[in-house]
Every structure is written in C-alpha cells, then in structure tokens.
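This is what each chain is made of:
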Amino acid sequence: MVLVLHGGPGLREYTETLLPELVDAYTLIRYQQRGLPPSTTSGPFDIGTQVQDVLRVIDALKLVRPLVLGHSWGGQLAMHLLVASADRVAGALIVDPLGAVGDGGAADLHRILGERAAPAAARRARELDQKAMRGEGSEEDAIEGLSLWWPGYFCDPAKALPMPAMRICLPTYAKTFESIGEHFERGTLVSRLPEVPVSTHFLLGELSPIPPLHGLASASLIPGAGVEVVPGCGHFPRLEREGSVRSALDRVAERSSAAE
C-alpha cells in the first residue's frame with residue numbers, strides 16, 4: 001500500500017499521473033487534502049492538523065504501516081508525518097519537496113520561477129501570489145498566477161506540458177504556508193528528522209526551481225536516507241523522466257521489507 005500526498009498546499013489532488021507507472025505493482029491510496037471537496041473545506045489548516053488528517057486516513061482504511069509518497073508540499077507534509085508518527089509508516093519517498101533547512105528553498109523557488117518567466121508574466125504572477133498569501137483575491141486569480149508560473153516548474157519552460165485543470169483553496173494555501181514558516185522558525189524538522197528510523201528516499205529534479213541542494217540538506221538529516229538527483233529534470237520527475245518515481249519507490253519498498 002502506498003499513501004500519496006499531493007502538493008500545493010490547497011490544490012486539488014493531481015497525482016493521477018502516477019497511476020500508469022505504479023499501479024501494476026502497488027496499490028495507491030490518494031485523497032484530497034482539506035480545503036476542497038470532497039474533503040472538509042473548513043480549517044484549521046496548520047501542519048499539525050494536516051498530519052492528523054494523514055493518520056485519520058490510515059486509521060479509516062485500516063492500513064498497516066503503508067509506504068508514503070509525497071510530492072512538493074506533500075513531501076514537506078511527509079517529513080512532518082515522519083517526525084510525528086514514524087511508527088505508523090514503513091517508509092517514505094519524498095519527491096522534490098520544499099526542504100527542511102532554512103526556508104526550505106522558498107526564496108530560491110520564487111527567484112527561479114521569476115527568472116524563467118517573461119518579465120510581465122512574472123510581475124503579474126507575483127502580484128497574484130501576494131494577494132493569495134494574504135488570503136485575498138479569488139480562486140480564479142490564484143489559478144491565473146499558477147498558470148503563469150507553471151512552465152518554470154519544468155527543466156525547459158518552452159517544452160512544459162499543459163497545466164491540468166486545477167482548483168485551489170486560498171485559506172488553505174495561505175494558512176499552511178504560515179504554519180510552514182512557524183515550523184521553520186522552531187526548527188521542528190531540523191531537530192527531529194535525525195530521529196527518523198524508517199527507510200526514506202529523496203527524488204530530486206536537477207533543474208527544479210527548488211534547487212536540489214535543499215533536498216540534499218534534508219536527506220542528510222535522516223539516518224541512512226537515500227537520495228537521487230534526476231538529470232535534466234524539473235519539479236515533476238514522473239512527467240519528465242518516465243520510470244524515475246517507480247525505480248525510487250521500488251528501492252524504498254525493498255529497504256523497508258529488509259528492515260522488517
């Protein structure tokens with residue numbers, strides 16, 4: 001069993017692109033995180049509550065120590081799950097996450113996305129993102145901003161795949177990032193990841209707008225964690241390097257089985 005944590009925060013569940021690569025060998029459990037239907041649309045939207053949501057899914061489905069696969073914000077959420085309840089999971093694959101050290105790469109992300117966009121598009125996207133972070137503007141504004149940033153998530157923006165249909169909950173987006181910042185200030189992950197005992201592997205895009213150095217710094221905190229930087233790949237390894245997520249998940253599964 002593999003429990004999948006989508007990125008965002010506040011986005012609709014978008015990990016259906018993993019199915020062709022994984023379903024012949026793994027049972028995937030995908031759920032919409034709080035903020036959008038069919039999940040609860042109410043808060044709170046702090047990290048602690050969202051970790052408890054993961055555990056509620058595990059309990060409701062009677063999962064016995066599943067593997068966890070988290071992408072982007074979902075990777076950050078997976079790291080918080082590991083420090084809170086590592087005994088509930090068998091291992092984790094963390095794909096191109098916002099990291100654990102410093103600001104996790106947030107400043108680099110915004111800088112690089114701006115460099116990869118046309119100046120007018122970058123200005124407009126920043127304006128819309130600032131409104132979203134204040135909890136202002138409309139969902140349509142936020143989706144417009146995401147669409148302007150979207151090509152920059154790929155190693156070659158000119159060859160970016162079309163953005164899928166998206167929804168976003170603005171309160172989830174703003175409040176979750178506020179909670180992420182609070183945990184950075186407390187050093188939650190930096191202080192507790194060294195205690196994580198389960199098989200963990202990081203899969204990072206060489207040319208992601210979250211530079212690999214942030215994922216490498218996160219992986220270095222976890223005893224025995226594996227790490228792979230995928231050449232010529234941006235933020236979406238599954239879309240840009242077919243087979244990369246499957247091979248990394250196989251390694252996690254093999255290591256977690258050997259440890260049992």
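Shown above is the structure to which this text applies.
Because the structure is predicted, anything quoted here is derived from the model rather than measured. (Residues numbered from 1 in each chain as written. Predicted model: local features only at pLDDT ≥ 70, side-chain atom pairs only at ≥ 80, totals over all residues. Heavy atoms only, no water.)

Please set out the overall build of the chain residue by residue, giving values where relevant.
Scanning the chain from terminus to terminus reveals eleven helices and six strands. Principal-axis analysis of the C-alpha atoms gives the chain an extent of 55 × 40 × 35 Å. Counting the 260 residues in the chain, one finds 55% classified as buried. Considering only residue pairs separated by 6 or more positions, the chain has 73% of its internal contacts joining residues 24 or more positions apart. As presented, the chain carries roughly 10,900 Å² of accessible surface, and 56% of it is formed by carbon and sulfur atoms. Taking the average place of the 24 positive charges on the side chains of the chain and the average place of its 31 negative ones, the gap between the two points comes to 2 Å. (Helix = DSSP H or I, 4+ residues; strand = E, 2+ residues; numbered from the N terminus. Buried < 20%, exposed > 50% of the residue type's maximum accessible area, 1.4 Å probe, protein only. Contact = heavy atoms within 4.5 Å. Areas by Shrake-Rupley, 256 points an atom, 1.4 Å probe, with all protein chains shown as cover. Lys, Arg positive; Asp, Glu negative; His and termini not counted. Charge placed at Lys NZ, Arg CZ, Asp CG, Glu CD.)

How would you sum up the pairing of strand S3 (residues 67-71)? Please name residues and give values.
Counting buried residues in S3 gives five out of five residues, a clear majority hidden from the surface. Here S3 shows no split at all, with Leu67, Leu69 and His71 on one side and Val68 and Gly70 on the other all buried. Direction of pairing for strand S1 (residues 2-5) relative to S3: parallel, over a ladder of four bridges. Paired with Val4 across the strands is Leu69, a residue of S3. (Pairing = 2+ DSSP bridges.)

Which residues make up helix H5 (residues 119-133), and what are the values?
Residue pairs three or four apart in sequence face the same way in an α-helix, which turns once every 3.6 residues. With 15 residues, H5 should reach 21 Å at 1.5 Å per residue; the first-to-last C-alpha distance of 21 Å fits that figure. Among all positions in H5, only Ala121, Ala122, Ala125, Leu128, Asp129 and Ala132 are buried. All buried residues of H5 fall inside an arc of 135 degrees around its axis, so they share one side. Residues of H5 that are exposed and angled more than 90 degrees away from the buried face: Pro119 and Arg123. Taken from the residues just after H5, Gly135 is the one with a positive phi, measuring 75 degrees. (Expected span 1.5 Å × (residues − 1). Arc of directions from axis to C-beta.)

Give a detailed account of the packing of H5 against helix H6 (residues 139-149), specifying residues and quantitative values.
It is the contact of H5 with H6, at a shortest axis distance of 8 Å, that shows an interaxial angle of 140 degrees. Classified by the angle between their axes, H5 and H6 sit oblique to one another. Helix-helix and strand crossings are classified by hand; for H5 and H6 the assignment is left-handed. Two secondary-structure elements touch here, H5 through Ala121, Ala122, Arg124, Ala125, Arg126, Leu128, Asp129 and Lys131 and H6 through Asp141, Glu144, Gly145, Leu148 and Trp149. (Axes fitted to C-alpha atoms, helices over the stretch in contact; angles between N-to-C directions. Parallel < 35°, antiparallel > 145°, perpendicular 65-115°, else oblique. Left-handed = near helix turned anticlockwise from the far one by under 90°.)

I'd like a rundown of the environment of Phe236, residues and numbers included.
The topology assignment puts Phe236 in the loop between strand S6 (226-230) and helix H10 (237-240). For the pair Phe236 and Ser72, spaced 164 residues apart in the sequence, the C-alpha separation amounts to 9.0 Å. Residue contacts for Phe236: discarding those within four places in its chain leaves His71, Trp150, Tyr153 and Phe154.

Quick one: what's the story with the sheet that holds S6, residue by residue and with numbers?
The sheet built from six strands is open, its strands ordered S2-S1-S3-S4-S5-S6 with parallel pairing. In this open sheet, the two edge strands, each paired with only one partner strand, are strand S2 (28-30) and S6. Direction aside, the axes of adjacent strands within the sheet are offset by 20 degrees on average. Together, S1, S3, strand S4 (91-95) and strand S5 (199-205) form the strand contacts of helix H3 (residues 73-85), whose direction differs from that of S3 by roughly 140 degrees.

Mind laying out the packing of aromatic side chains, listing which residues take part and the relevant values?
Taken as a whole, this structure holds five aromatic pairs when the rule is applied. Between Trp150 and Phe236, the aromatic rings sit 5.1 Å apart at their centres with planes inclined by 40 degrees, giving tilted as the arrangement. Taken as a pair, Trp150 in the loop between H6 and helix H7 (170-186) and Phe236 in the loop between S6 and H10 lie far apart in primary sequence, 86 residues in all. Taken as a pair, Trp150 and Phe236 share a single burial class, namely buried. Taken together, a centroid distance of 6.2 Å and an interplanar angle of 65 degrees make the contact between Tyr153 and Phe236 edge-to-face. Of the two residues, Tyr153 sits in the loop between H6 and H7 while Phe236 sits in the loop between S6 and H10, which places them 83 residues apart along the sequence. Taken individually, Tyr153 and Phe236 each receive the classification buried, so the pair is uniform in this respect. (Phe/Tyr/Trp six-rings, centres within 6.5 Å; stacked < 30°, edge-to-face > 60°.)

Note that every value here comes from positions in space, so none of it alone points to a role or purpose.
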